[in-house]
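The residues making up each chain are set out below.
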Amino acid sequence: MAKDVTLADIAARVGVSNVAVSKALSGKPGVSEELRSRIKEIAAEMGYVSTTSAKPNANETGNIGVIIPESSYGDAVTFYGRLYEKVVRALYENNYYGILELLTKEDEKAANFPKVMQDGKVDGLIFVGQLDENYIRKMVQQNELPVFFLDTYVPFVELDTVISDGYYGTYQLTNYLLEQGYRNIAFVGSVDVTSSIADRYWGYRRSLRENQIEFKTEWEIADRDPYGKSFDKILSDPKDVEAYVCNSDYAAHILIRNLEEAGYRVPEDLSVVGFDDFLPTEMDEHRITTYTVDMERMAGVCVKSLIKKIKHKRYGGGIQIVTGKLIKKDTVKER
């Protein structure tokens, strides 16, 4: 299926801002008639389809609340900070605006409604990242606003969510290590802390099982505490482990640093793979073999589905999985 042409695509082609394109196509002032004609011509040439049907009507605010646990957000250089940026861009391209609210641990535990729900400030909600199960249940059961979740789900709860393909992603990564000749392969990630880590763990376990490799309990290595805070030290002695499948590139980065401090070389002595293809720029982001998470597509699917839900149109409900791909870099060496 061809990718929908967006305002950003047209802006890049013409060499102007998204705002200029929006004004030109909507008939608003702020651009010259010559530029307006040029933008409309390029838009038609590229096959742009107007998103007028997605615009808020008179009874809507045009705002969407984007709720992220404050412990996960950090800032724009974190994974969820970057995912939030993708959500805001997707909302803008569909003529909506995002209002960020950081959810405190206290409000999450008490299952308090987000503050943006008060006074009719938003038309819908997007919850980003792992949340307490009771909180998720309450948000699903409330009928005041349509909601969608992004990068989270819980078993036995019917919810609308968009997630990355953690299960098959780590399945592929583990198979790749096996193809390189490795057999003693450990998993780095606190499996019970988030549903996404659990998915990645079971993808890894499936690969081992299909290749008739008996799993050892010591191959399951925690990388964070029960509250989600990452450890600075994951391990110092690999023992009989030859390679590691990490639940994130950040965990892989910490693990590699620990191993190198202990005198081991990656990939000469041990191989390491991560997941998500994301690290802050100061952390050597181009080094780790990984499985990329398509954040832009996840955000786009989530936003478009929520808008259809708001407008009572048919939409992709339930769990929608966005696939990525294995990216071979510098932390795996054939045995």
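Details of the structure are given in the entry above.
Residues numbered from 1 in each chain as written. Predicted model: local features only at pLDDT ≥ 70, side-chain atom pairs only at ≥ 80, totals over all residues. Heavy atoms only, no water.

A. Broad picture of the overall build of the chain. Within the chain one finds 11 helices and 12 strands. Relative to the 2.2 N^0.38 estimate, which gives 20 Å for 335 residues, the radius of gyration of the chain is 22 Å and therefore close to what a compact globule would have. Seen through its C-alpha atoms, the chain measures out along the principal axes to roughly 70 × 45 × 35 Å. For the chain, the share of sequence-separated contacts (at least 6 apart) that also reach a separation of at least 24 residues comes to 66%. Taking the average place of the 42 positive charges on the side chains of the chain and the average place of its 51 negative ones, the gap between the two points comes to 5 Å. (Helix = DSSP H or I, 4+ residues; strand = E, 2+ residues; numbered from the N terminus. Rg over C-alpha atoms; globule rule 2.2 N^0.38 Å. Contact = heavy atoms within 4.5 Å. Lys, Arg positive; Asp, Glu negative; His and termini not counted. Charge placed at Lys NZ, Arg CZ, Asp CG, Glu CD.)

B. Spatial organisation of the packing of aromatic side chains. All told, the structure shown has 16 aromatic pairs when counted by the stated rule. A ring pair is formed by Tyr167 and Tyr168, whose centres lie 5.0 Å apart and whose planes are at 80°; its orientation type is edge-to-face. A relative accessible area of 38% places Tyr168 in the partly exposed class. Three or more aromatic residues joined by ring pairs form one cluster here, namely Phe187, Tyr201, Trp202, Tyr204, Phe215 and Trp219. (Phe/Tyr/Trp six-rings, centres within 6.5 Å; stacked < 30°, edge-to-face > 60°. Buried < 20%, exposed > 50% of the residue type's maximum accessible area, 1.4 Å probe, protein only.)

C. Seen up close, the packing of helix α1 (residues 7-14) against helix α2 (residues 18-26). Where α1 meets α2, the axes come as close as 8 Å, and the angle between the chain directions of the two elements is 105°. Classified by the angle between their axes, α1 and α2 sit roughly perpendicular to one another. Two secondary-structure elements touch here, α1 through Leu7, Ala8, Ile10 and Ala11 and α2 through Asn18, Val21, Ser22 and Leu25. Its residues assigned to classes, the contact of α1 with α2 shows 6 nonpolar, 2 polar and no charged. (Axes fitted to C-alpha atoms, helices over the stretch in contact; angles between N-to-C directions. Parallel < 35°, antiparallel > 145°, perpendicular 65-115°, else oblique. Nonpolar A, V, L, I, M, F, W, Y, C, P; charged D, E, K, R; others polar.)

D. Just the sheet that holds strand β4 (residues 147-150), in detail. Ordered by their spatial adjacency, 6 strands build an open sheet running β2-β1-β3-β4-β5-β11, and the pairing between neighbours is parallel. The open sheet has two free edges, formed respectively by β2 (97-103) and β11 (319-322), since each of these has just one partner strand. Geometrically, the sheet is characterised by an average inter-axis angle of 20° between neighbouring strands, direction not taken into account. For strand β1 (residues 63-69) and strand β3 (residues 124-128), the ladder comprises 4 bridges, and the chain directions are parallel. Bridge pairing in β3 places Ile67 opposite Phe127. This element, helix α7 (residues 133-141), spans β2, β3 and β4 of the sheet and lies at about 145° to β4. (Pairing = 2+ DSSP bridges.)

E. Structural view of the pattern of salt bridges. Scanning the entire structure with this criterion turns up 16 salt bridges. The salt bridge partner of Arg82 is Glu85, with a shortest N-O separation of 3.9 Å. With Arg82 and Glu85 both in helix α5 (residues 79-93) and 3 residues apart, the pair spans about one turn of that helix. What makes Arg82 partly exposed here is its relative accessible area of 29%. A residue is classified by how much of its surface remains accessible, and Glu85, at 38% relative accessible area, is partly exposed. The salt bridge partner of Arg206 is Glu210, with a shortest N-O separation of 2.8 Å. Of the two residues, Arg206 and Glu210 both sit in helix α9 (residues 195-210), 4 residues apart, roughly one turn of that helix. Accessibility expressed as a relative area gives 27% for Arg206, which makes it partly exposed. Note on Glu210: relative accessible area 44%, which makes it partly exposed. (Salt bridge = Lys/Arg side-chain N within 4 Å of Asp/Glu carboxyl O.)

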